[in-house]
Amino acid sequence: MNQDMTKNKVVSVVGAGLVGTLEACLLAQRGYQVHLYEYRPDIRTLEHVPGRSINLAMSVRGRTGLRAAGVEDRVIRHHGIPMHGRMIHNTDGSTRSIPYNKDRQCIYSVGRRFVNEVLLDRADELPNITTHFSHKLVSCKLEKGEATFLNTVTGEEVTREADLLVGCDGAYSNVRKSMMRQPFFNYSQNYIPHGYMELCIPPTPEGEFAMPPNYLHIWPRGKFMMIALPNQDRSWTVTLFMPFPLFEGITASEQLLSFFKTYYPDAIPLIGREKLINDFFSNKALPMIYVKCSPYHVGATGLIMGDAAHAMVPFYGQGMNCGMEDCVVLNELLDQYDDDLAAALPAYSAKRNPDAEAIVDLALYNYIEMRDLVNSRSFLLRKKFDDLLSTILPSYWLPLYTMVTFTRQPYHRCIAKKKWQDRVVKNILSVAGMAGVGAGVVLAKTDSLHTLSCSILSQLSTLLTKTWAAATSVPAIRQ
């Protein structure tokens, strides 16, 4: 990094959530003078923080961002709960575990508030970060790096001009709304027809976890599902996902209990009958949105990151991880371009947009996998096949989930590799099917054995040769 390029430059970051605070820290570490604005009061002073889910699944991409800010150990070693796989709950009350991969790698359940507070503490440690709480963005001029904020405590409006204005203000970003007035800015948003509601499984009377804690628990039910992640206080955050008409159709306690007895019978004693009724009818189903847009920058003075640039549904557990990786990617490009914002910001848009749109799509796909496919025999067989090939060719064949969750392989490349793997599997199954038909013919016509064997061996040899050639032409996966 070029300290001479950064020490006199001022950056305004809008949004002191996970991504905004991390980005403020990384920019400050480079020498920029950073002003971090947040519309809420300091969450470290609040008893209850309003907003989204209280826990998150952290994997390699998010950990890389925390490491860059020097706080990975504070979160992972002293707070995170490892989850080594999925625990599937069947309607008869039985369970079965599915490890994430053959190497027993894990993701971590972490508290959103805890991670945010760790990052805010880190920001306080950096003398060139000034944090402004209770400041709501009123308007901005991205081409000038200018923003006007309302101090919600004093009622005063303040306008600040910076060399760079970074919007990390979430899925309903006001910075992005300003960017939408720029020519050639493309934008789309979509709500999915399913909503979510958070419930809670409390600790046991002995203060312990009510279920095995080192798993992401899933109740897949075809068109809908329920999941649970462990919390540090031994409770579980339970999230019910299903179409809005199903939520709206449950209007009485008897209907709710009947629904749970049919689809989630083992969850009733875990949550508690009265607590289930009270929590369900005290809450409402909330919508889920995904956003795609491009480019992410305006000249050398404006940029959006995290959910402001690529909000996604939560089913791949990559929203936070992708947002934190945004910060890492920008940091890497600032290194590459010696902190020349005029070069680094366009490069960031070009590099990050294909990956962001890829994971937005993957998150939608994973909802189908989690609520339905994990119960299918073909899914389990394919998983075993992927694990076998990843043992034989670990640098060239990794399952999609492993690539997304346990490497920093670009998301769009993960999809490309998965498509290539699907073609290979299809070819192998075709040859296997031909071999089965051939075996039947042999049983009927023994004198054809030699000809058939040669044909099958020739087909297999050709397929394996092509597969190996394709594998060795694909760049090795970067861990």
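Our subject is the structure that appears above.
Residues numbered from 1 in each chain as written. Predicted model: local features only at pLDDT ≥ 70, side-chain atom pairs only at ≥ 80, totals over all residues. Heavy atoms only, no water.

S.K.: Let's hear about the overall build of the protein: which residues, and what values?
M.R.: Along the backbone of the protein there are 17 helices and 19 strands. The buried share of the protein, taken over its 479 residues, is 52%. Contacts in the protein between residues far apart in sequence, at least 24 positions, make up 72% of those at least 6 positions apart. (Helix = DSSP H or I, 4+ residues; strand = E, 2+ residues; numbered from the N terminus. Buried < 20%, exposed > 50% of the residue type's maximum accessible area, 1.4 Å probe, protein only. Contact = heavy atoms within 4.5 Å.)

S.K.: Go over the packing of aromatic side chains with me, naming the residues and quoting the values.
M.R.: The full count for this structure, using the stated rule, is 21 aromatic pairs. A ring pair is formed by Phe-224 and Tyr-263, whose centres lie 5.0 Å apart and whose planes are at 85°; its orientation type is edge-to-face. Here Tyr-263 lies in helix 8 (residues 253–263) and Phe-224 lies in the loop between strand 14 (216–220) and strand 15 (225–230), a separation of 39 residues in the sequence. A relative accessible area of 7% places Phe-224 in the buried class. Considering the side-chain rings of Phe-247 and Phe-280, the 6.4 Å spacing of their centres and the 25° angle between planes classify their relative orientation as stacked. Here Phe-247 is found in helix 7 (residues 244–249), whereas its partner Phe-280 is found in helix 10 (residues 273–282), with 33 residues between them in sequence. (Phe/Tyr/Trp six-rings, centres within 6.5 Å; stacked < 30°, edge-to-face > 60°.)

S.K.: Lay out the pattern of salt bridges in plain terms, naming residues and giving numbers.
M.R.: If you walk through the whole model with that rule in mind, you get 23 salt bridges. Notably, a salt bridge pairs Glu-146 with Lys-144, separated by 3.6 Å at the nearest N-O pair. Among the residues examined, Lys-144 registers a relative accessible area of 37% and is labelled partly exposed. A salt bridge links Asp-279 to Lys-275, with the nearest nitrogen and oxygen atoms 3.1 Å apart. In this pair, Asp-279 and Lys-275 are both assigned in helix 10, four residues apart and thus about one turn of the helix distant. For Asp-279, a relative accessible area of 14% corresponds to the buried category. Here the salt bridges do not stand alone but share partners, grouping Arg-61, Glu-325, Asp-326, Glu-332, Arg-352 and Arg-408 into one network. (Salt bridge = Lys/Arg side-chain N within 4 Å of Asp/Glu carboxyl O.)

S.K.: Residue-level account of the nonpolar core, with values.
M.R.: In terms of nonpolar packing, the biggest core is built from 69 residues, with Val-13, Met-305 and Met-324 touching the most fellow members. With eight residues, helix 2 (residues 18–29) is the single largest residue contributor to this core. Setting aside residues up to four positions removed in sequence, Val-13 forms contacts with Gly-20, Ala-24, Leu-27, Val-34, His-35, Leu-36, Tyr-37, Val-166 and Cys-168. (Core = buried A, V, L, I, M, F, W, Y, C linked by side-chain atoms within 4.5 Å.)

S.K.: Requested: an account of helix 3 (residues 60–69), with residues and values cited.
M.R.: The complete set of buried residues in helix 3 reads Arg-61, Gly-62, Thr-64, Gly-65, Leu-66 and Ala-69. Once helix 3 finishes, Gly-70 follows within two positions and takes phi at roughly 80°, a positive value.

S.K.: Just give me the short version of the packing of helix 2 against helix 5 (residues 112–125), but keep the residues and values in it.
M.R.: Running from N to C, helix 2 and helix 5 point in directions that differ by 25°, and their axes come no closer than 9 Å. The pairing of helix 2 with helix 5 is recorded here as roughly parallel in orientation. Between helix 2 and helix 5 lies a crossing of left-handed hand. Across the interface between the two elements, Leu-18, Thr-21, Leu-22, Cys-25 and Gln-29 from helix 2 touch Arg-112, Val-115, Asn-116, Leu-119, Leu-120, Arg-122 and Ala-123 from helix 5. In the contact of helix 2 with helix 5, the residues fall into seven nonpolar, three polar and two charged. (Axes fitted to C-alpha atoms, helices over the stretch in contact; angles between N-to-C directions. Parallel < 35°, antiparallel > 145°, perpendicular 65-115°, else oblique. Left-handed = near helix turned anticlockwise from the far one by under 90°. Nonpolar A, V, L, I, M, F, W, Y, C, P; charged D, E, K, R; others polar.)

S.K.: Describe the packing of helix 2 against helix 3, and please don't skip the residues or the numbers.
M.R.: Two elements in contact, helix 2 and helix 3, have axes whose closest approach is 9 Å; the angle formed by their N-to-C orientations is 40°. Put simply, helix 2 runs oblique to helix 3. Helix 3 is crossed by helix 2, and the crossing has left-handed handedness. Of the residues in helix 3, those in contact with Leu-22, Cys-25, Leu-26 and Gln-29 of helix 2 are Gly-65, Ala-68 and Ala-69. Its residues placed into classes, the contact of helix 2 with helix 3 shows five nonpolar, two polar and no charged.

S.K.: Now, about the sheet that holds strand 19 (residues 302–304): what can you tell me, with residues and values included?
M.R.: On the basis of which strands lie adjacent, the open sheet formed by six strands has the order 8-2-1-12-19-18 and mixed pairing. Each having just a single partner strand, strand 8 (129–132) and strand 18 (297–298) make up the two edges of the open sheet. Of the strand pairs in this sheet, strand 12 (residues 164–167) and strand 19 are connected by three bridges, and their pairing is parallel. If you follow Leu-165 over to strand 19, its bridge partner there is Gly-302. (Pairing = 2+ DSSP bridges.)

S.K.: Quick one: what's the story with the sheet that holds strand 11 (residues 157–161), residue by residue and with numbers?
M.R.: Strands sit in the order 9-10-11 across an open sheet of three strands; the sheet is antiparallel. Either end of the sheet is taken by a strand with one partner, and the two such strands are strand 9 (135–141) and strand 11. Between one strand and the next, the sheet's axes are offset by a mean angle of 25°, whatever the strand orientation.

S.K.: Quick rundown of the pairing of strand 11? Include the residues and the values.
M.R.: One ladder, built from five bridges, connects strand 10 (residues 146–151) with strand 11; its direction is antiparallel. Bridge assignment links Ala-147 to a residue of strand 11, and that residue is Arg-160. The turn linking strand 10 back onto strand 11 is made up of five residues, and Gly-155 within it adopts a positive phi angle of 80°.

S.K.: Account for the environment of Asn-353, with residues named and values stated.
M.R.: The topology assignment puts Asn-353 in helix 13 (residues 341–371). Excluding its chain neighbours within four sequence positions, the residues that come into contact with Asn-353 are Cys-293, Ser-294, Tyr-296 and Tyr-348. A polar contact of 3.1 Å, which involves the side chain of Asn-353, links it to the side chain of Tyr-296. (Polar contact = N/O pair within 3.5 Å; in protein donor to acceptor, adjacent residues only side chain to side chain.)

S.K.: Pulling in residues and values, what's your account of the environment of Met-180?
M.R.: Tracing the backbone shows Met-180 in the loop between helix 6 (174–179) and strand 13 (186–201). Here Met-180 falls in the partly exposed class, since its relative accessible area comes to 39%. Separated by 114 residues in the primary sequence, Met-180 and Ser-294 have C-alpha atoms spaced 9.7 Å apart. With residues near it in sequence (within four places) discarded, Met-180 still touches Phe-185 and Tyr-187.

S.K.: Talk me through the side chain of Glu-325; I want residue IDs and the actual numbers.
M.R.: With respect to the secondary-structure elements, Glu-325 resides in helix 12 (residues 319–336). The exposure class of Glu-325 is buried, given its relative accessible area of 2%. Within the local environment of Glu-325, its side chain forms a polar contact with the side chain of Arg-61, the two groups lying 3.1 Å apart.

S.K.: Explain unusual backbone geometry residue by residue, including any values.
M.R.: Of note, the bond from Ser-294 into Pro-295 is cis; its omega dihedral lies within 30 degrees of zero at -5°. With respect to the element layout, Pro-295 can be found in the loop between strand 17 (286–294) and strand 18. For Asp-338, which is not glycine, the phi torsion reads 55° and is therefore positive. Note on Asp-338: relative accessible area 39%, which makes it partly exposed. For Asp-339, which is not glycine, the phi dihedral falls at a positive 60°. Its location among the elements puts Asp-339 in the loop between helix 12 and helix 13. For Asp-339, a relative accessible area of 0% gives the class buried.

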